[in-house]
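Examination of the molecular architecture
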Amino acid sequence: MAVGVFDSGLGGLTVLDAIAAHSPELPLVYLGDNKHTPYGVRDADDIFNLTCAGVTRLWEEGCDLVILACNTASAAALKRMQETWLPKDKRVLGVFVPMIEALTERRWGDNSPPREVEVKHVALFATPATVASRAFQRELAFRAIGVDVEAQPCGGVVDAIEQGDEILAEALVASHVEALKRRMPHPEAAILGCTHYPLVQAAFQKALGPDVKVYSQAQLVAESLEDYLKRRPEFLGEGTQSRYLTTGDPERVSGKATQFLRHSIRFESA
Ligand code: DGL
């Protein structure tokens, strides 16, 4: 009954950790495509092909349901996968919608027309590919009206995290927040629209100031997965074992993951 969790690298571990804390009995198989990270600077075809390859590998582990714990893949590839590629007996879910439902005060499956919501000025921090896709604005427009979104492509942050360079990652976060604030001086909410960013969430909060509510996805995705599996238990795959797989160098990736998550993680070669 395993569920797969996929990301371009280390970022999806923030989501995996939250799912593991929320559903401790659920076996999880993680796949980080560290060999090809970052996805955020690739074109949509490239992201589609790499994501399909990663998801196929997770099916081999007995995971019929795979969470794309990667906003870039969710934004650039998920719709195309669902429309053109996915077999009927498999499911792939993204990380965007739970976040937007929280922001727009909606419960799962509430398809009522868009309406006014409390928050009016939202800062979105994401990879260049996610920002370029405008997927966040598209999903938001289905649910809310009158929300002003200012998006900041945060070039370099994922790379710095993957290299294990926390100081560089934090410096880049400060400069991206400053750039955004020049265009939107007083955001009420900030969305961390990349699963790597919770690893430097304190740097975002510090640069934004204490009055800005920072939304990160991990907890929201964990709750939404539990809810999904209650409704669709048939998508609990046959796998029984939790594993961490990487397309990169397992030694190196284990070291970086342990450094950022502050607990020991052992990766195996995918
Ligand atoms: N964690 C991925 C995301 O949520 C990272 C993207 C990348 O590889 O650039 O977008």
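Numbers given to residues run from 1 along each chain, matching the order in which its sequence is written. In keeping with the model being predicted, local features are shown solely for residues with a pLDDT of at least 70 and side-chain atom pairs are shown and tallied solely at 80 or more, while totals for entire chains, interfaces and linings include all residues. The side-chain figures draw on all heavy atoms in the structure; neither hydrogens nor water molecules are used.

Before going further, it helps to spend a moment on the sheet that holds strand β10 (residues 213–215). Each pair of strands is called paired provided DSSP finds at least two bridges between the two strands. The secondary structure listing takes helices from DSSP runs of H or I that are at least 4 residues long and strands from runs of E that are at least 2 residues long, numbered from the N terminus. Spatial strand order, β8-β6-β9-β10: four strands in an open sheet with parallel pairing. What marks the edges here is a single partner per strand, and that holds for β8 (148–153) and β10. Strand-to-strand, the axes of this sheet are offset by a mean angle of 20 degrees, without reference to chain direction. Direction of pairing for strand β6 (residues 121–126) relative to β8: parallel, over a ladder of six bridges. Paired with Ala123 across the two strands is Glu150, which belongs to β8. Along the sheet, helix α9 (residues 166–183) contacts β6 and β8; its crossing angle with β8, the most-contacted strand, is approximately 145 degrees. Think of each axis as a best-fit line through the C-alpha atoms, taken over the contacting stretch in the case of a helix, with angles from 0 to 180 degrees between the N-to-C directions. For this analysis, residues touch if any pair of their heavy atoms sits within 4.5 Å.

Before going further, it helps to spend a moment on the site of the ligand. Of all residues adjacent to the ligand, which total 14 residues, the nearest are Ser8, Tyr39, Thr72, Thr195 and His196. By the criterion applied in these results, polar contacts are pairs of N or O atoms within 3.5 Å in which, for protein atoms, one can donate a hydrogen and the other can accept it, and in which residues neighboring in sequence qualify only through two side-chain atoms. A distance of 3.0 Å is found between a nitrogen atom of the ligand and a side-chain nitrogen or oxygen belonging to Asp7. Shrake-Rupley sampling with a 1.4 Å probe provides the accessible areas, and residues are treated as covered by the protein chains on show and by no other component. When isolated, the ligand has an accessible area of 300 Å², and the protein chains bury 99% of it. Residues are sorted three ways: Asp, Glu, Lys and Arg are charged, Ala, Val, Leu, Ile, Met, Phe, Trp, Tyr, Cys and Pro are nonpolar, and all the rest, Gly among them, are polar. Taken together, the residues of the shell around the ligand sort by class into five nonpolar, eight polar and one charged. Throughout, the term near means that a residue has one or more heavy atoms lying within 4 Å of the molecule or strand in question.

UniProt positions are given in the numbering used here, feature names are shortened, and annotations may be inferred rather than shown by experiment. Under the UniProt annotation, "active site" (unreviewed entry) lies at Cys70 and Cys194. These annotated residues cover 125 residues of sequence, and their C-alpha atoms all fall within 6.5 Å of one another, placing them together at a single site. Position of Cys70 among the secondary structure elements: in the loop between β3 (65–68) and α3 (71–76). The buried label applies to any residue whose accessible area, calculated with a 1.4 Å probe on protein chains only, is under 20% of its type's maximum; exposed applies above 50%, and partly exposed to all values in between. The class for Cys70 is buried, based on a relative accessible area of 4%. Contact partners of Cys70, with chain neighbours within four places excluded, come to Phe6, Asp7, Ser8, Tyr39, Val95 and Thr195.

Attention now moves to unusual backbone geometry. Note that the residue after Thr37, namely Pro38, is joined by a cis bond; omega there is 0 degrees. The topology assignment puts Pro38 in the loop between β2 (28–32) and α2 (44–60). Positioned with a positive phi, Glu105 is a non-glycine residue whose angle comes to about 60 degrees. Structurally, Glu105 can be placed in the loop between α5 (96–103) and β5 (115–116). Although it is not a glycine, Arg134 sits at a positive phi angle of roughly 55 degrees.

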